[in-house]
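The chain contents come next:
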Amino acid sequence: MRRISRRLRHLTARVLELPQDVVFDLPRLTMIGDRQLYIENHRGVLHFSPDMLKLRLPNGRLEVSGRDLVIRGIWTEEVFVEGVITQVSINGQGAWNG
Amino acid sequence: MKVSWFHAVRGFVTIRIVGDGTERLLGEAAADGIELMHLRRTSRGELECVVTAGDFFRLRPHLRRTGCRLRIVAKRGLPFQLARIRRRKFFAMGIALFFIGLYLLSSLVWRIEIEGNERLTDERILEAARAEGLRPFQWSFRLPEAGELSRRLQLKLPGAAWVGVEKRGTLITIRVVETTEPEPRELLSPRHLIASEDAVVTRITATRGRPVVKKNQRVRKGDVLISGILGSEAHYVTVPADGTVRGLVWHEYDIVSPLVRKAKTYTGERRTVWHAVLGGRSLKVSGFGSPPFAKYESVLRQENAAWRGIVLPFGRIRETQLEVKYEERRLTEEEAVAEGLLQARADILRKAGADAVIKAEKILHRRTENGKVYMKVLFETEQSIIDELPLVRPQGE
């Protein structure tokens, strides 16, 4: 049943050309150069230090590494990060790509 | 630290959080809707962040649950500023008073300058300005507008063709352009010069007109001396006659001169009484009791306290009571006559003009009665005997 509903959602997303984050509850990252990073749809902070920010995602984790990282603002679903960002990595145990 | 004006009005706190569960705290705070800003790790591992004053108190329960402790680093924003001001009431009042004073003093008129007047005196212009309320130490917001003010000033100053009032800060400049008036012509309508007294002419000079009388001629009051009609009977012009005519005039005087004179003298005895003055009232301070003199005169001298040229409304009055004595002095008959003549001479000179000269005087009759000397005196003076008589043109000419 779950499999069918997922296929159906997949289908509607393709047919109606809806953004994937809306349909599949995925994080949306907006990055301006290496200075600012805007992350929507996160599930909380796991670790925060000047050179590493780990966030929980609905499916997996997001790691932002860099220098002098500062969280400019944090809300229930959004995080605004500033600093020198060198790397962004997502290691999702993705149900969506399986 | 850049903070929006909204936060500045609400007030915000910079805090440092210590503890193991700081990350968990972030999650809880975000879930509760507490807005944390400018999060960063300090070198000692503390989490520094900025939170609004309202959210700060909502943060408390989360701290306890996650086992974190916090320290306040700085408080900024309007509520904290106000609290600081509340603690320094007099300082704040001083600042307010300073600005109020500055505003009030700068809205006074301090100085009035007048430009461009030659015939009109400064005093007259200032007086007119004062009547319109324009004076030093006047509130400038009580003055009418400059245009209105200059219009009213111009109405008050007939000698001014244009008046401009300019206000620059606390200085008011009144610019005056005066009217150019022609020289007033001497009003001389055609006239005769006639005798003002019965006299014998001693000198006659006509600068304009035709002399009618000659030296040593006897004239009666009202006789024409210098005629204003030139030419023959058929062809003539009328001119304003002018010139000098002097003549011998006789004055008869009845003089009464009393033999007993009353004179006031000071005995030299005096007493000083002091009064204190406050405002318009005075109060006797020393010198009580009725004065020990039968008759006395009081001389008052007020001295007001003054400070740097400003007269203050309190001071003292020094009252000096001088004893006086009225003395009766008996004159001899000769002295009484001389005094009477002296008064008569002064009276003649006052009536006949300053250039009159008394040529001769003669006592015609003298008798002493009831302590007085009665005299009849004839004075002969040489004086100006001019009077003017306007020439009226006959109708139809």
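Residues numbered from 1 in each chain as written. Chains lettered and ligands numbered in written order. Predicted model: local features only at pLDDT ≥ 70, side-chain atom pairs only at ≥ 80, totals over all residues.

**Student:** Can you help me understand the overall build of chain B in this one?
**Tutor:** Within chain B, the secondary structure is distributed over 8 helices and 22 strands. The proportion of buried residues among the 397 residues of chain B is 18%. Restricting to contacts in chain B with at least 6 residues of sequence separation, those with at least 24 account for 66%. (Helix = DSSP H or I, 4+ residues; strand = E, 2+ residues; numbered from the N terminus. Buried ≥ 20, exposed ≤ 12 C-beta atoms within 10 Å, placed from the backbone. Contact = placed C-beta atoms within 7 Å.)

**Student:** How should I be thinking about the interface of chain A and chain B in this particular structure?
**Tutor:** Often, the extent of an interface is quoted as the loss of accessible area upon association of its parts. Every contact between the two is made by 14 residues of chain A and, on the other side, 12 residues of chain B. For the side of chain A that touches chain B, the secondary-structure elements that each account for two or more residues are strand 3 (45-49) and strand 5 (60-74) of chain A. The residue inventory of the side of chain A that touches chain B, partitioned by class, reads 8 nonpolar, 5 polar and 1 charged. Pairing geometry for strand 5 of chain A and strand 2 (residues 36-41) of chain B, over 3 bridges, is antiparallel. Looking at the pairing, Ile74 of chain A lines up with Leu36 of chain B of strand 2 of chain B. (Nonpolar A, V, L, I, M, F, W, Y, C, P; charged D, E, K, R; others polar. Pairing = 2+ DSSP bridges.)

**Student:** I would appreciate a short explanation of the pairing of strand 21 (residues 372-384) of chain B in the present structure.
**Tutor:** Successive side chains on a regular strand alternate, one facing one side of the sheet and the next facing the other. All names here are of chain B. Two strands pair when backbone bridges link them, and strand 15 (residues 242-258) and strand 21 are joined in this way by 13 bridges, in the antiparallel orientation. Residue His251 lies in a different strand from strand 21, and its bridge partner there is Phe379. Where strand 20 (residues 357-369) and strand 21 come together, 11 bridges link them in antiparallel fashion. Note on strand 21: the bridge partner recorded for Lys362 is Leu378.

**Student:** Just to check I follow, could you spell out the pairing of strand 9 (residues 199-208) of chain B for this structure?
**Tutor:** Residue and element names in this part refer to chain B. Strand direction decides the pairing type here: strand 9 and strand 11 (residues 218-219), joined by 2 bridges, are antiparallel. By the bridge assignment, Ala199 is partnered in strand 11 with Val219. Pairing between strand 9 and strand 15: 7 bridges, direction antiparallel. Within strand 15, the residue paired with Thr205 across the bridge is Thr244.

**Student:** Even after reading the chapter, I still don't get the nonpolar core, so can you show me in this structure?
**Tutor:** Soluble, globular proteins show a tendency: their nonpolar side chains are buried together. Among the nonpolar cores identified, the biggest contains 32 residues, and Leu36, Cys49 and Val51 of chain B are the most heavily contacted of them. In terms of residue count, the dominant contributor to this core is strand 5 of chain A (5 residues). If we ignore the near neighbours within four places in the chain, the residues touching Leu36 of chain B are Ile74 of chain A together with Leu26, Ala29, Cys49 and Val51 of chain B. (Core = buried A, V, L, I, M, F, W, Y, C linked by C-beta atoms within 7 Å.)

**Student:** Which parts of the structure should I look at to understand the confidence of the model for chain A?
**Tutor:** If pLDDT is low for a region, its predicted coordinates should not be looked at in detail. Residues and elements named next belong to chain A. On average, residues of chain A score 84 in pLDDT, and 92% of them are at 70 or above. Per-element averaging of pLDDT across chain A places helix 2 (residues 20-24) at the bottom with 73 and strand 2 (residues 36-40) at the top with 93. The model gives residues 94-98 a pLDDT under 50, and that stretch makes 4 contacts with residues more than four places away or in other chains. (pLDDT = per-residue confidence, 0-100.)

**Student:** In this structure, what is going on with the sheet that holds strand 16 (residues 260-278) of chain B? I would like to understand it.
**Tutor:** Whenever strands of a sheet pair, they do so through backbone hydrogen bonds, lying parallel or antiparallel. Residue and element names in this part refer to chain B. Taken in spatial order, the 4 strands line up as 17-16-19-18 in an open sheet, and their pairing is antiparallel. Each edge of the sheet is formed by a strand with only one pairing partner; in this case those strands are strand 17 (281-284) and strand 18 (296-307). Each strand axis lies, on average, 40 degrees off the axis of its neighbour in the sheet, ignoring direction. The pairing of strand 16 with strand 19 (residues 310-330) spans 16 bridges and is classified as antiparallel. (Axes fitted to C-alpha atoms, helices over the stretch in contact; angles between N-to-C directions.)

**Student:** What am I meant to see in the packing of helix 2 (residues 22-32) of chain B against helix 3 (residues 53-66) of chain B here?
**Tutor:** Between two packed helices, what matters for the description is the angle formed by their axes and the separation of those axes. All names here are of chain B. The contact between helix 2 and helix 3 brings their axes to 10 Å, and the two run at 145 degrees. Regarding helix 2 and helix 3, the two cross each other, and that crossing is right-handed. Each of Arg24, Leu25, Glu28, Ala29 and Asp32 in helix 2 lies in contact with helix 3, whose residues at this interface are Arg58, Leu59, His62, Leu63 and Thr66. In the contact of helix 2 with helix 3, the residues fall into 4 nonpolar, 2 polar and 4 charged. (Left-handed = near helix turned anticlockwise from the far one by under 90°.)

**Student:** Where do I start with the sheet that holds strand 8 (residues 191-195) of chain B in this structure?
**Tutor:** Residue and element names in this part refer to chain B. Read across the open sheet, the 4 strands follow the order 10-12-8-22; overall the sheet is antiparallel. Two strands bound the open sheet, and with one partner strand each, they are strand 10 (210-211) and strand 22 (386-390). With 5 bridges connecting them, strand 8 and strand 22 associate as antiparallel partners. What sits directly across from Leu193, in strand 22, is Glu388.

**Student:** Just to check I follow, could you spell out helix 2 of chain B for this structure?
**Tutor:** Given 3.6 residues to a turn, an α-helix orients residues that are three or four positions apart in the same direction. Every buried residue of helix 2 of chain B is accounted for by Thr22, Glu23, Leu25, Leu26, Gly27, Ala29 and Ala30 of chain B. Along its buried surface, helix 2 of chain B packs onto strand 3 and strand 5 of chain A together with strand 1 (12-18), strand 2, strand 3 (47-52) and helix 3 of chain B. Gly33 of chain B sits one or two positions beyond helix 2 of chain B and adopts a positive phi of about 85 degrees.

**Student:** Would you mind going over the environment of Phe24 of chain A with me for this structure?
**Tutor:** Take Phe24 of chain A: it is sitting in helix 2. Exposure remark for Phe24 of chain A: the 17 C-beta atoms within 10 Å place this residue in the partly exposed category.

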